[in-house]
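Descriptive analysis of the structure
What follows is the residue order along each chain.
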Amino acid sequence: MQYYCAAKFTDAWLQKHKFSRCQDPLGQEVYACTQCPFTGRTRSQLYGHMKRCRLSFPEDTNLNMDNENDFNTSDDHNEDHSSSSKDSSGHTSEVLSGDSSGHSQVQEETALPSSLVSALIHVMDDLDPANPNHRQTLEYISAILDNLCQHSYPESEDDEPDAAELGVLSQLGAMDHGQLQLLEPTNPAELLASGSTVQAYKERLDDPLWRVTVNNGDGVVVCQEARITVGQFGYAWLKEKMAGRVRDVVADRQLRFLRDICLPPGNHVPPSLYVLRKMLGIPDPRDFEQHICLSEKCRFPPLPTKDWMDHRDDTCNCPEKHKRFKMVTTSAGAHPLPNKRYWDFGVENIIQAMFSDPLFRQLRGTGRDNEPDDFYGSQMAKDIDAKTNGQLMQHANSAYDLGFDFAQVYQFKTHSVGLLLMRCTDLPVAHRSKRRFTYILTVIPGPEEPSSMDVYVSRTLDAFKEYGPYSESSLMVMGNDRQLFEHKIFLSAIFADTPANRKLSLWNSYTSATGCGHCLLKGVSGEGGGMYFRGYAVDADVNCIFDGVIPDMENAPLSARCGDPRIMVSHEMHLKRAALAMKDPQWTGIVGCKGLSPIIRELDYCNYNDVFVVPVAHAALFGVIKRFWNTILGKLGRHVMDYTILGPQRKIMAQRASHIITTNDLNRPYRDIVKHRGTWTMEDWLHWLDSYSVYILHEEDSLQSVVYGTHEGWYQKIPVVVPEPD
């Protein structure tokens, strides 16, 4: 069906449709509507107005403009009349349409003028794209406008839109003058029903991002489409977002800009970051969010975000009856937020992620022929295997380590964030600690360290019990031959520094005189503060408070050196003193612990003296190396010791420090040890030991020596000797 033009508007036609001729202040002939207060329609505007009345009709509808029921001028009161134009022939035209025989068919009045288009656009402006409740409404309105835009194209090259119609088309972002016609989607019902659903985008992952047909001007229609698919676009977009550190709200705006402005209408760009992630099967962090009470003693059951408002008054089971949510008022109104939460990604999900890595599947189980000082060759592994009837050493099963620590994530304020990490022990030593095979299991947002870790590790320990040696359940994982098999898991060790270790072992703090969890040696307060555990060169005092209280500790000597087997605390002794502390909290400072560790309580195959790994690196870097360099780089004064590094040597060290350019894997640049060692962390001392000292301390003619300052000369050449372990 095409538009047909008449030579002029007759008086009879204008009177039938309630229009009259008049003149504007410039003397131009305009048409006034008797039902509209505006009296400034030119011929072109009137012509465009009649064409837009056809937009609401189906494609197979014949519209007779001579029938007054087909043309309702009262719906066009809000039309913009600020501009005027004429058609290509220089005169206005009457719009007629009919079948091939010239007889017109009258249809029921269903006019959809541009006023409705403007109203829909105003509605979209009032809606918040970031609000999930508004997103579907915006999708539906966009689909309706896209449909209107498709049916707004003139059907012949000689029939160009007037200025008013071009204004509407420009609002819809489709000013292509008929040369761009969409191939898909063409069905408005399909757009409304499934255009915004995640499932619809999942089904289009292999489709081109956009596809159009373009008239090349010679009457040949050429099909063009994007070089990438919807899935490829989603993956590349998220990768660029992560690399550019683009915030989520900015990424949402950029997606809408691409979808609505930059790419052809009808493209398959996801309307939001949420849909894009769901389309690619990326889990949402809210799926792993756990809510706990303010006392950190109990965990609330899982609850979808959409149900938060209905449960805003929920309380915990503690006597204090802490509320689960607090009400927060924003520009969008009042909504609930959890009082205390953390994120737990689940042991089973982490293990499935590990087995999805082909290299992990290839390496797992190939490192069990290790030396006795490694796990699978140790007495600890033999004990666990014996307790579990030989299940640990079965090739289908594996042991896993947990790493735990708190970190300051901000440079400008104190904010401790806890991380619980997980890795597989059943890998060769050369690969076990690689970042590729280490996964974040739990995130505790802070800003302060929790007083107890019981509730935070409860889901992790439940998983180790559910898929452990005493359970009938097993994880179904994929092997190296891509066949599924049953997999049972074991907890082998907890790796943590001393402060974090105390959160899980429930031993006293390292600042306590009874803070050593492995022996009965008592700590001594230093002159400058801090607690020191001696007994290396001479005997140190022993905590003899257990005499007559715990039978296993009755024969402890009054003083001993570190490593004396008579003062070592066995696993059974740990259990007895933990029971004593739990029975009477006043014993906490005396016995050296606050109660029974949740690790030991839930996993009885674990041993106190084995599962909590001693942080030797901290003792070596902070206790030996740091103290050594503070000694030889002490203040220069009147009384200088023979081993003190003097000013000329310090200048050379500082000069060489300016030459160092660090690689990315060292994480931070080198800071001069002479001036800035007071702010060094353990990482700085480790890099100094492994990397920087080799260059800073070398003699000019050799890298195989260490510079050492003396009063007799500039340099003294000393070979580098690595001591054998005791």
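Cut-offs and rules
Residues numbered from 1 in each chain as written. Predicted model: local features only at pLDDT ≥ 70, side-chain atom pairs only at ≥ 80, totals over all residues. Heavy atoms only, no water. Helix = DSSP H or I, 4+ residues; strand = E, 2+ residues; numbered from the N terminus. Buried < 20%, exposed > 50% of the residue type's maximum accessible area, 1.4 Å probe, protein only. Contact = heavy atoms within 4.5 Å. Areas by Shrake-Rupley, 256 points an atom, 1.4 Å probe, with all protein chains shown as cover. Salt bridge = Lys/Arg side-chain N within 4 Å of Asp/Glu carboxyl O. Phe/Tyr/Trp six-rings, centres within 6.5 Å; stacked < 30°, edge-to-face > 60°. Lys NZ or Arg CZ within 6 Å of the ring centre and 35° of its normal. Core = buried A, V, L, I, M, F, W, Y, C linked by side-chain atoms within 4.5 Å. Axes fitted to C-alpha atoms, helices over the stretch in contact; angles between N-to-C directions. Parallel < 35°, antiparallel > 145°, perpendicular 65-115°, else oblique. Left-handed = near helix turned anticlockwise from the far one by under 90°. pLDDT = per-residue confidence, 0-100. Arc of directions from axis to C-beta. Pairing = 2+ DSSP bridges. Patch = residues over 30% accessible without salt bridge, like charges linked within 9 Å, V, L, I, M, F, W, Y side chains within 5 Å. Polar contact = N/O pair within 3.5 Å; in protein donor to acceptor, adjacent residues only side chain to side chain.

The chain goes by Transposase in an unreviewed UniProt entry, where it is assigned to Volvox africanus.

Take the overall build of the chain next. Within the chain, the secondary structure is distributed over 24 helices and 21 strands. Buried residues in the chain amount to 43% of all 726 residues. Contacts in the chain between residues at least 24 apart in sequence constitute 58% of all its contacts with a sequence separation of at least 6. When the accessible surface of the chain is summed, it comes to about 39800 Å², and 52% of that surface belongs to carbon and sulfur atoms.

Okay, the pattern of salt bridges next. Inspection of the entire model under this criterion finds 23 salt bridges. In this structure, the salt-bridge partner of Asp-462 is Lys-465, at a minimum N-O distance of 4.0 Å. With Asp-462 and Lys-465 both in helix 15 (residues 454-466), this residue pair falls three residues apart, about one helical turn. Residue Asp-462 is classed as partly exposed on the basis of its relative accessible area of 36%.

Here the focus is the packing of aromatic side chains. Enumeration according to the criterion identifies 22 aromatic pairs in this entry. Among the aromatic residues, those joined into a ring-pair cluster are Phe-628, Trp-629, Tyr-670, Trp-680, Trp-685, Trp-688 and Tyr-692. The residue whose ring lies beneath Arg-204 is Tyr-201, and the NZ or CZ to ring-centre distance is 5.5 Å. Over the aromatic face of Phe-495 sits the side chain of Arg-423, whose NZ or CZ is 4.8 Å from the ring centroid.

Counting residues in each nonpolar core, the largest one holds 70 residues, and the members touching the most others are Ile-351, Tyr-400, Met-422, Phe-464 and Leu-491. In this structure, Met-422 is in contact with Val-347, Ile-350, Ile-351, Met-354, Tyr-400, Asp-401, Leu-402, Phe-437, Thr-438, Tyr-439, Leu-441 and Phe-464, ignoring residues within four places of it in sequence. Of all hydrophobic cores here, the second largest spans 17 residues; its members include Leu-621, Trp-680, Tyr-692 and Ile-696.

Two quantities define a packed helix pair, namely the angle between the helix axes and the distance between the axes. As a packed pair, helix 22 (residues 647-657) and helix 24 (residues 682-696) sit with axes 9 Å apart at the nearest point and diverge in direction by 110°. By the angle between their directions, the pair helix 22 and helix 24 is classed as roughly perpendicular. Remark: the crossing between helix 22 and helix 24 carries right-handed chirality. Two secondary-structure elements touch here, helix 22 through Met-653, Arg-656 and Ala-657 and helix 24 through Trp-688, Tyr-695 and Ile-696.

Attention now goes to the confidence of the model for the chain. Overall, the prediction assigns the chain a mean pLDDT of 75, with 69% of residues at 70 or greater. Note on residues 1-8: pLDDT is under 50 here. Beyond four places in sequence and across chains, it has 30 contacts. In the predicted structure, residues 36-40 sits below a pLDDT of 50 and forms 11 contacts with residues beyond four places in sequence or in another chain.

Let's shift gears to helix 11 (residues 347-355). Within the span of helix 11, buried status applies to Val-347, Ile-350, Ile-351, Met-354 and Phe-355. For helix 11, the arc enclosing every buried residue in end-on projection is 135°, short of the 170-degree limit, so these residues lie on one face.

A few words on the packing of helix 8 (residues 230-243) against helix 9 (residues 248-262). The contact between helix 8 and helix 9 brings their axes to 11 Å, and the two run at 140°. One way to sum up the angle between helix 8 and helix 9 is to call them oblique. Handedness of the helix 8/helix 9 crossing: right-handed. Residues Phe-233, Trp-237 and Lys-241 of helix 8 form the contact with helix 9, whose own contacting residues are Asp-248, Ala-251, Gln-254, Leu-255 and Leu-258.

Turning our attention to the pairing of strand 7 (residues 325-330). Pairing of strand 7 with strand 8 (residues 333-338), which is carried by six bridges, proceeds in the antiparallel orientation. Following the sheet pairing, Val-328 is matched in strand 8 by His-335. Here strand 7 hands over to strand 8 after two residues, the two strands then running antiparallel side by side.

Here the residue pair Gly-446 and Pro-447 is connected by a cis peptide bond, since its omega of 10° sits within 30 degrees of zero. Phi angles above zero are rare outside glycine, and Asn-389 is one such case at about 60°. Residue position: Asn-389 is located in the loop between helix 13 (379-387) and strand 10 (398-408). Its identity as a non-glycine residue notwithstanding, Leu-506 has a phi of 65°, on the positive side. Residue position: Leu-506 is located in the loop between helix 16 (498-505) and strand 16 (524-525).

Turning our attention to a nonpolar patch on the surface. Taken together, the side chains of Val-409, Tyr-410 and Phe-412 present a nonpolar region at the surface, about 340 Å² in accessible area. By the secondary structure assignment, Phe-412 is in the loop between strand 10 and strand 11 (416-424).

It is worth spelling out the sheet that holds strand 10 at this point. To summarise the sheet geometry, strands pair through backbone hydrogen bonds and adopt either a parallel or an antiparallel arrangement. Ordered in space as 6-9-12-11-10-15, the six strands form an open sheet in which the pairing is mixed. Each edge of the open sheet carries a strand with a single partner, namely strand 6 (289-291) and strand 15 (489-496). Averaged over all neighbouring strand pairs, the angle between strand axes comes to 25°, with direction disregarded. Where strand 11 lies against strand 12 (residues 438-444), six bridges are found, and the strand directions are antiparallel. Paired with Gly-418 across the bridge in strand 12 is Ile-444.

Tracing the chain through its elements places Ser-597 in the loop between helix 18 (588-591) and helix 19 (598-602). Under the relative-accessibility criterion, Ser-597 is labelled buried at 0%. Polar contacts involving the side chain of Ser-597 include one to the main-chain carbonyl oxygen of Leu-504, which spans 2.6 Å. With residues near it in sequence (within four places) discarded, Ser-597 still touches Leu-504, Ser-505, Leu-506, Tyr-608 and Phe-612.

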